[in-house]
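# Overview (structure and organization)
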There are 2 protein chains.
Amino acid sequence: MQTFRDRAAAAYDAEHFRRQGHQLVDQLADYLARATRGEGLPVLPWAPPAENVARFPGTFPEEPTGEFSSFMERVLTHSHHLHHPRYVGHQVSSPLPLAALCDFVSALLNNGMAVYEMGPVSTAMEHNVVRWMAGQLGLPESAGGVLTSGGSAGNLTALLAARQAKAGYDAWSGGSTAGPPLTVLVAETAHYCIARSTKVMGWGAGGVTPVPVDANFRLRPDALEGALAAATRAGRKPIAVVASAGSTATGAFDPLDAVADFCERHGLWFHVDGAHGASAVLSPRYRAQVKGIERADSVVWDAHKMMMVPALVTAVLFREASRSSEAFAQEASYLFQGQDTRRWHDVGLRTLECTKEMMALKLYTCLSLLGTRLFSEYVTETFELSRRFAERLQASGDFEVAVPPDCNIVCFRHTPKGLPASEWDALQSRLREQLITRGDFYLVQTTLPKGVYLRTTLINPLTTDADLEALMEAVRRAA
Amino acid sequence: MQTFRDRAAAAYDAEHFRRQGHQLVDQLADYLARATRGEGLPVLPWAPPAENVARFPGTFPEEPTGEFSSFMERVLTHSHHLHHPRYVGHQVSSPLPLAALCDFVSALLNNGMAVYEMGPVSTAMEHNVVRWMAGQLGLPESAGGVLTSGGSAGNLTALLAARQAKAGYDAWSGGSTAGPPLTVLVAETAHYCIARSTKVMGWGAGGVTPVPVDANFRLRPDALEGALAAATRAGRKPIAVVASAGSTATGAFDPLDAVADFCERHGLWFHVDGAHGASAVLSPRYRAQVKGIERADSVVWDAHKMMMVPALVTAVLFREASRSSEAFAQEASYLFQGQDTRRWHDVGLRTLECTKEMMALKLYTCLSLLGTRLFSEYVTETFELSRRFAERLQASGDFEVAVPPDCNIVCFRHTPKGLPASEWDALQSRLREQLITRGDFYLVQTTLPKGVYLRTTLINPLTTDADLEALMEAVRRAA
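Residues numbered from 1 in each chain as written. Chains lettered and ligands numbered in written order. Predicted model: local features only at pLDDT ≥ 70, side-chain atom pairs only at ≥ 80, totals over all residues. Heavy atoms only, no water.

To be explicit about the condition: UniProt positions are given in the numbering used here, feature names are shortened, and annotations may be inferred rather than shown by experiment.
The name an unreviewed UniProt entry assigns to chain A is L-2,4-diaminobutyrate decarboxylase, from the organism Hyalangium minutum. Chain A has a UniProt comment under Sequence similarities (unreviewed entry) that states "Belongs to the group II decarboxylase family." As recorded by UniProt, the Cofactor (unreviewed entry) comment attached to chain A reads in full: "pyridoxal 5'-phosphate".

Below, the structure written as structure tokens:
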């Protein structure tokens, strides 16, 4: 009879792992070759949820069974293929294969990182990569921060620090009722996670005070005074302005310098949600887009968006490193025994997570081994590609763009001659549905004040002008 | 001159990836062989933070440079080795190599999962694995939930649902001031993330009402009425009781059935933080430890603790699946266009994260290919091992345990003959420091009412009785 020791020895057997690992590497390399060439597989294998729920049922055998390679083949086949050059959908990277290798290492080592001694290498890498990112933004030497699980968690972390710094009372220990109800000023086009963060913190619907945007979907600095007055009239104490770089739907970059001026004038915390666009600082040509970001009190920057690494790795960067400790405060004797709670190297003190992955490893390794120029040129090239795409759409006569792109997000719609404008919205939805169910392209859609638009993020470095011309043709054919 | 296209083609080259992948598999397999045998490497290579910060500096080259294998060798050498049988530290798993392979696949595919179409396979797997977990807990057919980035995020998610269900007012839209300030009753020994969650939500220090524990560090059900009365006197509205299964410091399991009775009587939400111990349901021998968990309104269960997969994968399970949608509510036109926001398959609606990893893949794959018996026996065996270890300590004459273990966490201290009790605390701290700086064992320490204790989690399935005898010997030698 097999004992548990036998089972465990088999499950952890290094030679078995070696065989499966080599099989998997070949399988993934073959897959990557096909996906990057865009050959022999669709961008996405559309199937309704119920079909995949039935394909991967929720019943598990008691004893070991099944074959790893064929199992993984089914996973590869039925997943979405982000390395396909015609993947132009959400702001999720087509990951660098080297970064995937790093996640593999992270998963095997599982160095949890709440305290330094559990993740000595990843903690050191995090410290240095966070400081490098702060430097790229132009933040002062005093800057610091952490890596966390995604932009939503990152924005919440930054807003907790803002609350602690600017409420005028100890909201952490005293609670929301220890002083006036708070609010942050934010463009009406900001990511939903900002309003969600304030609702998590118990500020209710008034926790965000919307600031109107201009025709280019950028926050209107001239509207900030009015928003501030409106918030105050509503009995709220404004503590911060959240600017987007860029906004999610259209990729618009709010005018950061003007927002910084306003925050300075009123003593407000200046937070930049740069989840997508903070990477613009890496491009000499486009860093002017985020001019003013160096004046922020806090910045959120997702490496899994415009730094080509897999989800999730979000940097929360603070102008003053000490703010990073103020976002949270707690005791846990078994973890942080009696020490100075500001010890930078026990990062669990400063993140929403206690345990987390070795997040820094992929970012640190890719920067170290691939060099920074790849990242810098990547930003420049995807931004350029988007400008050319927008120009081509505008020049076409049967497409229009919602707005000239600030970054690599392009919203457009097909307006075929003879079709009344009243039917444009329905057409875009139908077109998108047809394109994704056929699987030739993956793009998304969004509703803007002028109506429904197709939305593309040119985030795959392998996407070319020819792919985008083909997209226009595919849209025309579908229409 | 190299163009960006050349650079990108090189960085995404499938054959280069294949070569590096095969190299890495051999490197990791060799590493795993050494680590699992506990040969040729310490459990942890202790070095002060500054040393690792200098070893992995924050300067990056512009051009590609360096060699992958030697770089990774340095990462392996200076990291913590959780597969070493003498790793008996924090509640972080020694991951199944198969699970690491799955994370590798997840990282390359990067199927983000906020919406179904971005992660069709991982969404389906998540749906089924969450339902399977709910079934194991004994929750009814109506149960549902999500996977999220760690126990802290999971507990916050559950408490947001509790707030929405039990505040008696719409705390989400109305904010904390729309009704009386809230509180949850929780054992004074609970994980810090519970108090932290309530402080994030703006409930202040009174957001948790501590309930005393008994001599075994378990919540005292007879103290609940008193805690409820005290909270009410303090002007708080109690909405929930949070029970631990088990608590972090000592692994104590609160009496869930008694807490459930109390919650029923008072109409309170019953939440179980089973991050570590919910896995007890998998063991026929030990599932009685969590009797009553099937009556919970919500349960948090970390697969990266007692299910042998790498961090982070936490299930938040709700008795009524609809509660999972109520924790959050938002609109994001570019993501969730105009649909029923209760669509189960767009999981971003129900998690703190928007994008997340293909979390379900590792758990689903390991259950499918390794079978459930491995997991069931793993719980039984690590719990048994801990009981034997506690008995050996007690019988030794020069060790004592803080409390008979409820699970696989054992707190003990060395009490050598002749040493006055007043010096025991200092001794344990010194012992722990010596042991981890030598690197022969990794264990932690915790401060309990009776003083400082050494704390072990017997979470590595390869740890044997002989390793624990060796630990006792090492402690004696160090003393």
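### Comments concerning the interface of chain B and chain A
We apply this condition: In this description, contact between two residues means that some pair of their heavy atoms is separated by no more than 4.5 Å. Buried area is calculated as the accessible area (1.4 Å probe) missing from two parts once they are joined, with the contributions of both summed. Any Lys or Arg side-chain nitrogen located within 4 Å of an Asp or Glu carboxyl oxygen qualifies as a salt bridge. Residues adjacent in sequence count toward polar contacts only when both atoms are side-chain atoms; beyond that, a polar contact is any pair of N or O atoms within 3.5 Å, and within protein one must be able to donate a hydrogen and the other to accept it. Strands here mean DSSP runs of E at least two residues long; helices mean DSSP runs of H or I at least four residues long; both are numbered from the N terminus. Throughout, the ten residues Ala, Val, Leu, Ile, Met, Phe, Trp, Tyr, Cys and Pro are labelled nonpolar, Asp, Glu, Lys and Arg are labelled charged, and all others, Gly among them, are labelled polar.
Contacts between the two partners involve 157 residues from chain B, matched on the other side by 157 residues from chain A. Both sides of the chain B and chain A interface together cover about 14500 Å² of buried area, and 65% of this is carbon and sulfur. Here chain B is connected to chain A by 12 salt bridges. For Glu377(A), the salt bridge is made with Arg7(B), and the minimal N-O distance between the two is 3.2 Å. Counting the contacts that link chain B with chain A gives 67 residue pairs in polar contact (both at pLDDT 80 or more). In terms of residue count, the dominant contributor to the side of chain B that touches chain A is helix 2 (residues 14-37) of chain B (16 residues). Grouping the constituent residues of the side of chain B that touches chain A by class yields 88 nonpolar, 47 polar and 22 charged.

### Re the packing of aromatic side chains
Let me state the cut-off plainly: Geometry of aromatic contacts follows a simple scheme: Phe, Tyr and Trp rings, the Trp one being its six-membered ring, pair when their centres are within 6.5 Å, and the pair is stacked under 30 degrees between planes, edge-to-face over 60, tilted otherwise. Relative accessibility thresholds used throughout: buried, under 20% of the residue-type maximum; exposed, over 50%; partly exposed, between the two (1.4 Å probe, protein chains only). In this scheme, Lys NZ or Arg CZ marks a charge over a ring once it lies within 6 Å of the ring centre and within 35 degrees of the ring normal.
With the rule as written, the count across this model stands at 29 aromatic pairs over all chains. Their ring planes at 80° and their centres at 6.2 Å tell us that Phe56(A) and Tyr364(B) sit as a pair that is edge-to-face. Here Phe56(A) is found in the loop between helix 3 (49-55) and helix 4 (68-78), whereas its partner Tyr364(B) is found in helix 14 (residues 360-370) on a different chain. Here Tyr364(B) falls in the buried class, since its relative accessible area comes to 3%. Both rings, one in Tyr286(A) and one in Phe383(A), keep their centres 5.1 Å apart while their planes meet at 55°; by these two values the pair is tilted. Residue Tyr286(A) is located in the loop between strand 5 (269-273) and strand 6 (298-302), and its partner Phe383(A) is located in helix 15 (residues 372-396); the two are separated by 97 residues in the primary sequence. The class of Phe383(A) is buried, set by a relative accessible area of 1%. In textbook terms, an aromatic cluster arises when at least three aromatic residues are bridged by ring pairs, as seen for Phe56(A), Phe60(A), Phe71(A), Trp132(B) and Tyr364(B). If you follow Arg196(B) out to its NZ or CZ, it ends over the ring of Phe328(A), 4.1 Å from the centre.

### Observations concerning the environment of Ala165(B)
Residue and element names in this part refer to chain B. Note that alanine 165 resides in helix 7 (residues 151-166). Residue alanine 165 is classed as partly exposed on the basis of its relative accessible area, which comes to 26%. Along the primary structure alanine 165 and glycine 226 are separated by 61 residues, whereas in three dimensions their C-alpha atoms are 24 Å apart. For alanine 165, the residues in contact, after removing those within four places along its chain, are Trp269 and Arg323.

### Remarks on the domain arrangement of chain A
By convention, interface size is frequently given as the accessible area that disappears when the constituent parts associate. All names here are of chain A. Heads up, the rule is: Domain limits in this description derive from either an automatic procedure or a database domain assignment.
When its domains are assigned, chain A resolves into domain 1 (13-96 + 372-479) and domain 2 (111-370). Distance from the C-alpha centre of domain 1 to the C-alpha centre of domain 2: 29 Å. Contacts between the two partners involve 32 residues from domain 1, matched on the other side by 31 residues from domain 2. A buried area of about 2800 Å², summed over both sides, lies between domain 1 and domain 2, and 66% of it is on carbon and sulfur atoms. Per-residue buried area on domain 1 facing domain 2 is highest for Gln91, Phe375 and Asp406; these three make up 25% of the total on that side.

### So, the relation of the copies chain B and chain A
Using the following cut-off: We place the copies in one frame by least squares, fitting the C-alpha atoms of every residue whose pLDDT is at least 70 in both.
Take chain B, turn it by 180°, move it 0.0 Å along the axis, and it overlays chain A with an RMSD of 0.0 Å. As the rotation angle and translation indicate, the two copies are arranged about a two-fold axis. Comparing contact sets, 100% of the residues at the interface of chain B also lie at the interface in chain A, consistent with an isologous, same-surface contact.

### Looking at the nonpolar core
So the rule is basically this: Nonpolar core, defined: a set of buried Ala, Val, Leu, Ile, Met, Phe, Trp, Tyr and Cys residues in which side-chain atoms within 4.5 Å join the residues together.
By size, the foremost hydrophobic cluster in this structure holds 240 residues, and its most contacted members are Val75(A), Leu96(A), Met307(A), Val75(B), Leu96(B) and Met307(B). Excluding its chain neighbours within four sequence positions, the residues that come into contact with Leu96(A) are Met307(A), Met308(A), Cys366(A), Leu370(A), Leu374(A), Phe375(A), Ala11(B) and Tyr12(B).

### A closer look at the UniProt feature "modified residue: N6-(pyridoxal phosphate)lysine" (unreviewed entry) in chain A
All names here are of chain A. In the numbering used here, UniProt assigns the "modified residue: N6-(pyridoxal phosphate)lysine" (unreviewed entry) feature to Lys305. By the secondary structure assignment, lysine 305 is in helix 12 (residues 303-306). Among all residues touching lysine 305, those that are not within four sequence positions of it are Gln91, Ser93, Ala275, His276, Tyr378 and Ile459.

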